[in-house]
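Observations on chain architecture
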Amino acid sequence: MRSDLRVTAAVLAGVLAPLLMALALIPFRTSVTHTNAALLLVVAVVAVAALGSRLAGAVAALSAAAWFDFFHTEPYQSFHIQDRADIETAVLLLTVGLIVSQLAARARTLQWVAVTDASHLERLHGTTRMARFSNSADDVVHRVRQELVEVLELRSCRFEYGALIGRPPRLDPDGSVYVPGWIWDVDRQGWPDGEIELRATVHGHYQGRFMMTPEPGAAAAPLEARLVAVDLAAQAAAALDLPAPERS
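Keep in mind that this is a model prediction, so the values were computed, not measured.

Moving on, we come to the overall build of the protein. On a plain count of helices and strands, the protein comes out with eight helices and five strands. When the helices and strands of the protein are placed in sequence order, the string is α-α-α-α-α-β-β-β-α-β-β-α-α. In the protein, the share of contacts with a sequence separation of at least 24, taken over all contacts with a separation of at least 6, comes to 67%. As presented, the protein carries roughly 14100 Å² of accessible surface, and 61% of it is formed by carbon and sulfur atoms.

Right, dumping it as structure tokens:
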């Protein structure tokens, strides 16, 4: 729901930001050339694309071209353009706006990926150090439970010691989700209903399993996050597999 609201807000900004910019330039349209006015409208498009999405950027580019035509070409307050140079400027504004908006959205995506990767690395590094130096394997398990809730955006997570009971859906080491009797596409279908197990295994020794409960109706975490979750479970298994004197 929050994601839908963000998308709606970004698209609305894509319509309004160029409109407000075009209105602000009206008092200066006799002194500001059409080319400069178009460049200022491109700034509004870039701002929307950088803070929103590709869709919002495309909407902003269309909005900028439309309001440039409506407010800054003769006849004013009309979508009709008489001058050929103004037509070329409007077309270039639309083209440049679309290209720049896509580049800005791409840069924003790459920045998000870099931040996310750094966050995952920090989680793994911190948990590895704790697993090596902590005298309590239960503390490591508790930390991993907390990390799983955050990295997979779960509602809750608990740990079960002992033998496997039942056949719940399972997050496998390759990041896929196995559901008995089904071919489950987690990226398309999302998390299956109910708890999902993530086994804590090291050197072929089963130490227990994390039972994870996703938020109802939530999309599954990306593959990178699921692989980080598998590595975190392996750290817990390593801590449980190590004798207490050796940990000391």
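Let us now look at empty space enclosed by the protein. Applying the stated criterion across every chain, the model contains one cavity of 30 Å³ or more. By volume, the largest cavity amounts to about 40 Å³.

With that settled, consider the layout of surface pockets. Volume-wise, the second largest pocket comes out at about 150 Å³. Contributing to the lining of the second largest pocket are 13 residues, with Trp191, Pro192, Glu215, Pro216 and Gly217 lying nearest its centre. Its residues assigned to classes, the lining of the second largest pocket comprises six nonpolar, five polar and two charged.

This paragraph deals with the packing of aromatic side chains. Counted according to the given criterion, the structure contains five aromatic pairs. Seen from their ring centres, Trp67 and Phe70 are 5.9 Å apart, and the 90° between their planes marks the pair as edge-to-face. In this pair, Trp67 and Phe70 both sit in helix H3 (residues 54-72), three residues apart, roughly one turn of the helix. Here the aromatic residues Trp67, Phe70 and Phe71 are joined through ring pairs into a cluster of three or more.

Here we take up the environment of Val91. Along the chain, the position of Val91 falls in helix H4 (residues 84-133). Along the chain, Val91 and Ala65 lie 26 residues apart, while their C-alpha atoms are 7.4 Å from each other.

A general feature of soluble globular proteins is that nonpolar side chains tend to end up buried together. By size, the foremost hydrophobic cluster in this structure holds 34 residues, and its most contacted members are Leu148, Leu152, Leu171, Trp191, Leu198, Phe210 and Met212. Elements that contribute at least two residues to this core include exactly H4, helix H5 (137-151), strand E1 (154-160), strand E4 (196-202), strand E5 (205-214) and helix H7 (223-241). Of all the elements, H7 adds the most residues to this core, at nine residues. The next biggest cluster of nonpolar side chains, apart from the first, holds 20 residues, and it includes Ala10, Leu25, Val42 and Val48.

Following both chains from N to C, one finds helix H2 (residues 34-51) and H3 inclined at 155°, their axes separated by 9 Å at the closest point. Regarding the angle of H2 to H3, the classification is roughly antiparallel. As H2 packs across H3, the resulting crossing turns out to be right-handed. Counting all contacts with H2, which are made through His34, Ala37, Ala38, Leu41, Val45, Val48 and Ala49, the residues of H3 involved are Ala56, Gly57, Ala60, Ala61, Ala64, Phe68 and His72. By residue class, the composition of the contact of H2 with H3 is 11 nonpolar, three polar and no charged.

Summed over all chains, the structure comprises 10 salt bridges. For the salt bridge of Arg155 with Glu215, the shortest nitrogen-to-oxygen distance reads 3.8 Å. Placement of Arg155 in strand E1 and of Glu215 in the loop between E5 and H7 is noted, with a sequence separation of 60 residues between them. Residues joined in a network through salt bridges with shared partners are Arg158, Glu160, Glu195, Glu197, Arg199 and Arg209.

Attention now moves to the pairing of E4. Burial within E4 is extensive, with five of its seven residues counted as buried. In the sheet, E4 pairs with E5 via seven bridges, with the strands oriented antiparallel. Following the sheet pairing, Ala200 is matched in E5 by Gly208.

Put simply, Glu74 and Pro75 share a cis peptide bond, and its omega is -5°. You can see Pro75 is positioned in the loop between H3 and H4. Phi is positive for Glu153, which is not a glycine, with a value near 55°. Within the secondary structure, Glu153 sits in the loop between H5 and E1. Look at Glu153 and you get exposed, because its relative accessible area is 63%.

About the cut-offs
- Residues numbered from 1 in each chain as written.
- Predicted model: local features only at pLDDT ≥ 70, side-chain atom pairs only at ≥ 80, totals over all residues.
- Heavy atoms only, no water.
- Helix = DSSP H or I, 4+ residues; strand = E, 2+ residues; numbered from the N terminus.
- Contact = heavy atoms within 4.5 Å.
- Areas by Shrake-Rupley, 256 points an atom, 1.4 Å probe, with all protein chains shown as cover.
- 1 Å grid on protein atoms, 1.4 Å probe; cavity = no way out; pocket = protein on both sides within 12 Å on 5 of 7 lines; lining within 4 Å.
- Points joined across faces, edges and corners; volume = space filled by probe spheres on them.
- Nonpolar A, V, L, I, M, F, W, Y, C, P; charged D, E, K, R; others polar.
- Phe/Tyr/Trp six-rings, centres within 6.5 Å; stacked < 30°, edge-to-face > 60°.
- Core = buried A, V, L, I, M, F, W, Y, C linked by side-chain atoms within 4.5 Å.
- Buried < 20%, exposed > 50% of the residue type's maximum accessible area, 1.4 Å probe, protein only.
- Axes fitted to C-alpha atoms, helices over the stretch in contact; angles between N-to-C directions.
- Parallel < 35°, antiparallel > 145°, perpendicular 65-115°, else oblique.
- Left-handed = near helix turned anticlockwise from the far one by under 90°.
- Salt bridge = Lys/Arg side-chain N within 4 Å of Asp/Glu carboxyl O.
- Pairing = 2+ DSSP bridges.

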